[in-house]
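Geometric and topological summary
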Amino acid sequence: MCGRYYIENTTARELGQVVRQLTRGKGRDPGCMLERMEAGDVCPGREALVLRAEGGNLVWGWQRWGFSGFLDRKLVINARCESVMEKPLFRDSIRYRRVVIPAAGFYEWNAGREKSSFYRKDAPVLFLAGLGRWQEDGEHFVILTTGANESMKPVHDRMPLVLDQEEVLEWMLEDAGTKRLLKKTPCLLERKTDYEQICLF
């Protein structure tokens, strides 16, 4: 499950540097797009910056978080890695519209509704695997989730599919690597928990 992530003041600057290293001539300079990125929480239904493939290159674009549901009209914000290849809602997206969502970290709540934030201590940006889709009002995305790793299990049994920096190009541009990455176990993450900090005082 991933229902909210966040951007920090330094994320845009760090992301620009990382993306220039990643693309190495296979992308466009993200400058003006990154200038629009604001620090704060990103919630379902909001527009956010995503990285997508276009003609063999990587490009930035603004997409809205969540696919429109068909029966209950609720937003679908996540897709499960285990079933995404078979679900009609995601079938075309996983083949042709894979995206990457940059974040400083994300939040998760345990059964007691206590919030924790997760981030990488060794990198300023998390790369979350996602899928894009055209709808009547523009482009939308969902975030892929997989089974929790050991750093996530104390809080929740699901987590976003976090890509390593060297896997971003493979996810975006190489169809053959899609199935392998859908089965990967994300790296261990650092956890900061609000209620544990409060207990200290």
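Residues numbered from 1 in each chain as written. Predicted model: local features only at pLDDT ≥ 70, side-chain atom pairs only at ≥ 80, totals over all residues. Heavy atoms only, no water.

1. Re the packing of aromatic side chains
Which entries qualify depends on this criterion: Aromatic pairing here means that ring centres of Phe, Tyr or Trp (its six-membered ring) are within 6.5 Å. Orientation follows from the plane angle: under 30 degrees is stacked, over 60 is edge-to-face, and everything else is tilted. The helix count covers DSSP runs of H or I at least four residues long, the strand count covers runs of E at least two residues long, and both are numbered beginning at the N terminus. Relative accessibility thresholds used throughout: buried, under 20% of the residue-type maximum; exposed, over 50%; partly exposed, between the two (1.4 Å probe, protein chains only).
If you walk through the whole model with that rule in mind, you get 6 aromatic pairs. Ring centres of Tyr-6 and Tyr-107 lie 5.0 Å apart, and the angle between their planes is 35 degrees; on these two criteria the pair is classed as tilted. Of the two residues, Tyr-6 sits in strand 1 (residues 5-7) while Tyr-107 sits in strand 9 (residues 105-109), which places them 101 residues apart along the sequence. The pair Tyr-6 / Tyr-107 is uniform in exposure class, with both members buried. Relative to Phe-118, the ring of Phe-106 lies with its centre 5.4 Å away and its plane at 15 degrees, an arrangement referred to as stacked. Here Phe-118 lies in strand 10 (residues 115-119) and Phe-106 lies in strand 9, a separation of 12 residues in the sequence. The buried category is assigned to Phe-118, whose relative accessible area is 0%.

2. Notes on the pattern of salt bridges
Put simply, the test is: Salt bridge, as applied in this entry: a Lys or Arg side-chain nitrogen positioned within 4 Å of an Asp or Glu carboxyl oxygen.
One pass over the structure, following the stated rule, counts 11 salt bridges. One salt bridge in this structure joins Arg-52 and Glu-54, with 3.0 Å as the shortest N-O distance. On the accessibility criterion, Arg-52 (19% relative accessible area) is buried. With relative accessibility at 32%, the residue Glu-54 sits in the partly exposed group. Of the charged contacts in the structure, one is a salt bridge between Arg-98 and Asp-175, with a shortest N-O distance of 2.7 Å. With a gap of 77 residues between them, Arg-98 in strand 8 (residues 98-103) and Asp-175 in the loop between helix 4 (168-173) and helix 5 (178-182) connect regions that are remote in the sequence. Taking relative accessible area as the criterion, Arg-98 reaches 6% and is therefore assigned buried. The class of Asp-175 is exposed, set by a relative accessible area of 56%.

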